[in-house]
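Descriptive analysis of the structure
Residue strings, one per chain:
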Amino acid sequence: MSIKEVYSRKKKSWRSLIKMRERGENTNKLEREDSVQSRIREICDRDSFKEMFRTVDSPDPLGFPGYETKKKRFQEKLQQSDACIAGTAKIHQKKVAIGFLDGSFLMGSMGYAVGEKITLLTEYAGKKNLPLIIFSASGGARMQEGMFSLVQMAKTSAAIEAFKRKGGLYISCLTHPTTGGVSASFASLGDIILAEPEALIGFAGPRVIEQTIGEKLPEGFQRSEFLLEHGMIDKIVERTKWRRVLNHILYLHGIERR
Amino acid sequence: MENRTRESVAAYEKVLIARSKERPSVRDYIQHLFEGFIELHGDRLYKDDPSLTGGIAMFHGIPVTVIGQKKGKTTEEQIQYNFGMTSPEGFRKAKRLMLQAEKFHRPVITFIDTPGAYPGMEAESNGQSNAIAECLAFMSAMRTPSIAIITGEGNSGGALALAVADRICMLENAVYSILSPEGFASILWKDAKRAPEASELMKITAEDLKEYGLIDEVISEEGDVYDSIDMMLTKALEELMRINPARLATMRYQKIRSLDKAAGAAYRKGAADERNSYQSQQQGAAGQKGQQL
């Protein structure tokens, strides 16, 4: 399939997504499959996104059976090295460092490559005095990389903490789903934390909790609205309003056009 | 093949040893290593998590902040301590005590022993993710020396949240992993019974992790374990307390930044190999072209 075909297919699916939303249907699953590319188009100024750290790839430190092949398949299908796309972009001409986790690449799980890209992006934003925006969509740490994947939580959190202490603005945007090692590290550390409606956000997955407590979870548990009610996020933002809301927050922080 | 089976038993045996109720708990370590321990309770927000102990004590004349997870030995204790599964309140208490330690320039010593952070409804409602993230972010940047010792089972973010230290040590028979081998096997193979196989694959023993550079030191359990820990702490504190706190925080950042250097090296080597093979292909192609011409 050519890139053009992929694009047009994605565009079409996005239109139908809006229609489904209007009908009040749950579109979370479809949205997860929706590509990061269309998100970039919706949020950033036209052609302003410049991808960085493209070649950072995950190794297979444990030699986990079948991991390399599985990863290769996703790399070929999605034409990207791992579950994270990072770079710089402009939002209404305000320059930002922006990263996206791709939930369609091995559940958006965080292994070496994702952790390294987020860290590199954060360090770059710190060096260039850019605001940092990260869109998360992840099932958590990437099991196949074992401890190497767990320490990514420490690495990314340390980078974010250093960035924030130096006065950087970090806006964390949570989309469906954001759980496990990603939600328990950089995704929860935003100066401002925003989330998409009905996104599943939590530490443990619903199945694990149900096993622990031995009963079914109530409806809406661990969804964005639940988190807002419990004081864990700042605001819920509709998918179509990201560009407007992010621009407004940047404006309120005195980020100027350049 | 035979060798492989033996190894798998060895790794899983360590898991079982690490989980054994016979092993000393944080209370024993505090009693043997420090004097004048005073326990401090509560997260100042909601409640006190009994699965995580914290307080101030003296270590050979140096005041230190001690934080440790406890599992409990009797069934009653286990229930009281929630089997060592720390709640958000516990991580927030830990962060509060670290903040306090930073203020009074006290080194922080953590004892890690947990099957993981608690995955329950209340924990989720109270922001387990946020509590873990805040705790590990603060620990990574705080301006006071820190030493982490994994004494038993160190699983998932629940262990990592207290392990982002200047010195990361493990007892010889402790294990440190992304998830329990049972959980790992059931996620990847939908079969928790394959835990022994998983524990071999996961590289969770102190020896393996030391080799990868994910931890700094393995503490021998032969002879008196308290003596060994005492020696390690004395040496580490002597080194760390000499360094300027701001510089120490920078050094810690560099350390955390390169914890995964073994994986990074594998990646860089892979990338270099790929480049080389690409170049040689190009050269080969060019050579062929030359011949054709």
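Everything numeric in this text was worked out from a predicted model, so none of it was measured.

Let's talk about the pattern of salt bridges
Residues and elements named next belong to chain B.
- Tallied over the entire structure, the rule returns 28 salt bridges over all chains.
- Where Asp 48 meets Lys 93, a salt bridge forms, and the shortest distance between an N and an O atom there is 2.7 Å. A residue pair is termed long-range when its members are at least 10 positions apart, and Asp 48 in the loop between β1 (35-39) and β2 (52-59) and Lys 93 in helix α4 (residues 88-103) qualify at 45 residues.
- Asp 48 sits in the partly exposed class, given a relative accessible area of 29%.
- For Lys 93, a relative accessible area of 0% corresponds to the buried category.

Considerations on the side chain of Ser183(A)
- Within the secondary structure layout, Ser183(A) lies in helix α7 (residues 180-183).
- Within polar-contact distance, the side chain of Ser183(A) engages the side chain of Ser129(B) at 2.6 Å.
- Ser183(A) has contacts with Thr178(A), Ser188(A), Gly202(A), Phe203(A) and Ser129(B), leaving out every residue within four places of it along the chain.

Brief notes about the interface of chain A and chain B
- Contact with chain A, which involves 53 residues of that partner, is made by 50 residues of chain B.
- Linking chain A with chain B are three salt bridges.
- One salt bridge connects Arg257(B) with Glu116(A), and the closest N-O pair in it is separated by 3.2 Å.
- The interface formed by chain A and chain B contains 14 residue pairs in polar contact (both at pLDDT 80 or more).
- Breaking the side of chain A that touches chain B down by element, the ones donating at least two residues are α5 (112-128), α6 (147-165) and α8 (206-213) of chain A.
- Its residues assigned to classes, the side of chain A that touches chain B shows 31 nonpolar, 15 polar and seven charged.

Quick look at a positive patch on the surface
- Together, Lys70(A), Arg73(A), Lys77(A), Arg207(A) and Lys190(B) make up a positively charged patch on the protein surface.
- Per element, the largest residue contribution to the positive patch is three residues, and it comes from helix α4 (residues 67-78) of chain A.
- For Lys190(B), the position within the fold is in the loop between α8 (181-188) and α9 (195-202).

A word on the packing of helix α6 (residues 128-141) of chain B against helix α12 (residues 245-257) of chain B
All names here are of chain B.
- Across the interface, α6 lies against α12 with an axial gap of 7 Å and an inter-helix angle of 120°. By the criterion of interaxial angle, the relationship of α6 to α12 is oblique. Here Met 139, Ser 140 and Ala 141 of α6 come into contact with α12, specifically with Ala 249, Arg 252 and Ile 256.

Here we look at the environment of Ala141(A)
- Along the chain, Ala141(A) turns up in the loop between β4 (132-138) and α6.
- Look at Ala141(A) and you get buried, because its relative accessible area is 15%.
- Separated by twelve residues in sequence, Ala141(A) and Met153(A) place their C-alpha atoms 8.2 Å apart.
- If sequence neighbours within four positions are ignored, Ala141(A) has contacts with Ser109(A), Met110(A), Ser149(A), Gly181(A) and Ile178(B).

Quick word on the confidence of the model for chain A
All names here are of chain A.
- With 87% of its residues at a pLDDT of at least 70, chain A reaches an overall mean of 89.
- Looking across chain A, the model is least confident in helix α1 (residues 3-22), with a mean pLDDT of 53, and most confident in strand β6 (residues 192-195), with 98.
- Low confidence marks residues 1-9, where pLDDT is under 50. Its contacts with residues over four positions away, or in another chain, come to four contacts.

Things to note about the packing of aromatic side chains
- Taken as a whole, this structure holds 13 aromatic pairs over all chains when the rule is applied.
- Centre to centre, the rings of Phe135(A) and Trp242(A) are 4.9 Å apart; their planes meet at 80°, and the pair counts as edge-to-face. With Phe135(A) in strand β4 and Trp242(A) in helix α10 (residues 242-252), the pair connects residues that are 107 residues apart, well separated along the chain.
- Residue class for Trp242(A) comes out buried when judged on its relative accessible area of 0%.
- Relative to Tyr226(B), the ring of Tyr29(B) has its centre 5.7 Å away and its plane inclined at 65°; by these criteria the two rings are edge-to-face. In this pair, Tyr29(B) sits in helix α2 (residues 26-33) while Tyr226(B) sits in helix α11 (residues 225-240), placing the two residues 197 residues apart along the sequence.
- Residue Tyr29(B) is classed as buried on the basis of its relative accessible area, which comes to 1%.
- For Tyr226(B), a relative accessible area of 15% puts it in the buried group.
- The ring of Tyr67(A) carries Lys71(A) above its face, with NZ or CZ at 5.0 Å from the centroid.

Calculation rules
- Residues numbered from 1 in each chain as written.
- Chains lettered and ligands numbered in written order.
- Predicted model: local features only at pLDDT ≥ 70, side-chain atom pairs only at ≥ 80, totals over all residues.
- Heavy atoms only, no water.
- Salt bridge = Lys/Arg side-chain N within 4 Å of Asp/Glu carboxyl O.
- Helix = DSSP H or I, 4+ residues; strand = E, 2+ residues; numbered from the N terminus.
- Buried < 20%, exposed > 50% of the residue type's maximum accessible area, 1.4 Å probe, protein only.
- Polar contact = N/O pair within 3.5 Å; in protein donor to acceptor, adjacent residues only side chain to side chain.
- Contact = heavy atoms within 4.5 Å.
- Nonpolar A, V, L, I, M, F, W, Y, C, P; charged D, E, K, R; others polar.
- Patch = residues over 30% accessible without salt bridge, like charges linked within 9 Å, V, L, I, M, F, W, Y side chains within 5 Å.
- Areas by Shrake-Rupley, 256 points an atom, 1.4 Å probe, with all protein chains shown as cover.
- Lys, Arg positive; Asp, Glu negative; His and termini not counted.
- Charge placed at Lys NZ, Arg CZ, Asp CG, Glu CD.
- Axes fitted to C-alpha atoms, helices over the stretch in contact; angles between N-to-C directions.
- Parallel < 35°, antiparallel > 145°, perpendicular 65-115°, else oblique.
- pLDDT = per-residue confidence, 0-100.
- Phe/Tyr/Trp six-rings, centres within 6.5 Å; stacked < 30°, edge-to-face > 60°.
- Lys NZ or Arg CZ within 6 Å of the ring centre and 35° of its normal.

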